[in-house]
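What the coordinates show
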Amino acid sequence: EVDQGRLTKLDSEKNVHILTGLIKLFFRELSSPLIPWATIEKLVDAYDKISTITDQKQKEKSIQTVGQIISTIQQANRKTLFFLLEHLYAVTLLSDVNQMNTENLAMMLGPTLSWTQDLTNMGNMTSMMIKQNNVVGCLIRDCKQLRI
């Protein structure tokens, strides 16, 4: 029914797995990813650098670099990403009840938010997927600081 635009069906759905599956399916079926692969690669580099910083003030300042990287993606994608990140952040605030902490959410949604069409470097794909999930987790965690 939802395929025909009858979205009121979603209001009565209580099974979180069905709703989550729909969200994942939506992002997977996009013609291009919400977060372009080139952007993910830049975010991996930025968060790798941030992870080496021990001073909290310097770390917060460095997170602005992440915001600058995100500001380069299309406005519709950026707005959708921030809306999603803020929702996921709210989900993490209830992780003691719902068991969905930042890492679990990133692992569940990370692969559907960004992907590459380049199949020539499959040897590095597992490592990159782990880094991609780490980036999504960091974006969830830092979303309140990233507002641009």
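For clarity, every value in this text was computed on a predicted model and none was experimentally measured.

1. Notes on the overall build of the chain
- Counting secondary structure elements, the chain contains 8 helices and 0 strands.
- Starting at the N terminus, the α and β elements of the chain follow one another as α-α-α-α-α-α-α-α.
- Against the compact-globule benchmark of 15 Å for 148 residues, the chain has a radius of gyration of 16 Å, which places it among compact chains.
- By principal-axis analysis of the C-alpha atoms, the chain measures approximately 50 × 40 × 30 Å.
- Burial statistics for the chain: of 148 residues in total, 35% are counted as buried.
- In the chain, the proportion of contacts linking residues at least 24 apart, taken out of those at least 6 apart, comes to 69%.
- Taken as a whole, the chain presents about 9,600 Å² of accessible surface, with 54% of it coming from carbon and sulfur.
- If the 16 positive side-chain charges of the chain are averaged to one point and the 15 negative ones to another, these points end up 5 Å apart.

2. Comments concerning the pattern of salt bridges
- Tallied over the entire structure, the rule returns 1 salt bridge.
- For Asp-142, the salt bridge identified is with Arg-141, shortest N-O distance 2.9 Å.

3. A word on helix H5 (residues 75-92)
- Between its first and last C-alpha atoms H5 spans 25 Å; for 18 residues at 1.5 Å apiece the expected length is 26 Å, and the two agree.
- Check the buried side of H5 and you find it contacts helix H2 (16-28), helix H4 (56-70), helix H6 (95-98), helix H7 (102-113) and helix H8 (125-146).

4. Points about the packing of aromatic side chains
- Counted by the stated rule, this structure contains 1 aromatic pair.
- Considering the side-chain rings of Phe-26 and Phe-27, the 5.1 Å spacing of their centres and the 75° angle between planes classify their relative orientation as edge-to-face.

5. Considering the layout of surface pockets
- Size it by volume and the largest pocket reaches roughly 720 Å³.
- Surrounding the largest pocket, 24 residues form its lining, Val-16, Leu-19, Thr-20, Ile-23 and His-87 being those nearest its centre.
- Elements supplying a minimum of two residues to the lining of the largest pocket: H2, H5 and H7.
- Ranked by the residues each element gives to the lining of the largest pocket, the list is headed by H2, at 8 residues.
- Its residues placed into classes, the lining of the largest pocket shows 19 nonpolar, 5 polar and no charged.
- One number sums up the size of the second largest pocket: a volume of about 170 Å³.
- Lining the second largest pocket we find Thr-102, Glu-103, Ala-106, Met-107, Ile-130, Asn-133, Asn-134, Gly-137, Cys-138 and Arg-141.
- Among the elements of the structure, H7 and H8 are those that each provide at least two residues to the lining of the second largest pocket.
- With 6 residues, the single largest contributor to the lining of the second largest pocket is H8.
- Broken down by class, the residue content of the lining of the second largest pocket amounts to 4 nonpolar, 4 polar and 2 charged.

Calculation notes
- Every residue gets a number counted from 1 within its own chain, in the order that chain's sequence is written.
- Given that this is a predicted model, residues contribute local features only at a pLDDT of at least 70 and side-chain atom pairs are listed and counted only at 80 or more, while totals for whole chains, interfaces and linings are drawn from all residues.
- Side-chain measures here rest on the full set of heavy atoms in the structure, leaving out hydrogens and waters.
- Counting from the N terminus, the helices are the DSSP runs of H or I reaching at least four residues and the strands are the DSSP runs of E reaching at least two.
- Throughout, the radius of gyration refers to the C-alpha atoms, and the reference size of a globule is 2.2 Å times the residue count to the power 0.38.
- The cut-offs for exposure are 20% and 50% of the maximum accessible area for each residue type, with area from a 1.4 Å probe on protein chains only; residues under the lower value are buried, those over the upper are exposed, and the others partly exposed.
- Throughout, a residue-residue contact means that at least one pair of heavy atoms, one from each residue, lies within 4.5 Å.
- Accessible surface is estimated by sampling points in the Shrake-Rupley manner with a 1.4 Å probe; for residues, cover comes only from the protein chains shown.
- Within this scheme the basic residues Lys and Arg register as positive and the acidic residues Asp and Glu register as negative, but His and the chain ends are omitted.
- Working definition for charges: the position is that of NZ of Lys, CZ of Arg, CG of Asp or CD of Glu.
- Whenever Lys or Arg places a side-chain nitrogen within 4 Å of a carboxyl oxygen from Asp or Glu, that contact is recorded as a salt bridge.
- What a helix should span is 1.5 Å times the count of its residues minus one.
- Note on ring pairs: Phe, Tyr and Trp rings are taken, using the six-membered ring of Trp, and paired if centres are within 6.5 Å. Classes follow the plane angle, with under 30 degrees stacked, over 60 edge-to-face and the rest tilted.
- The rule is simple: put a 1 Å grid over the protein atoms alone, call a set of points where a 1.4 Å probe fits but cannot get out a cavity, call an open set with protein on both sides within 12 Å along at least five of seven lines a pocket, and count a residue as lining if it has an atom within 4 Å of a point.
- Grid points are joined across faces, edges and corners, and a volume is the space filled by probe spheres set on the points.
- Residue polarity is assigned by list, with Asp, Glu, Lys and Arg as charged and Ala, Val, Leu, Ile, Met, Phe, Trp, Tyr, Cys and Pro as nonpolar; anything else, Gly included, falls into the polar class.

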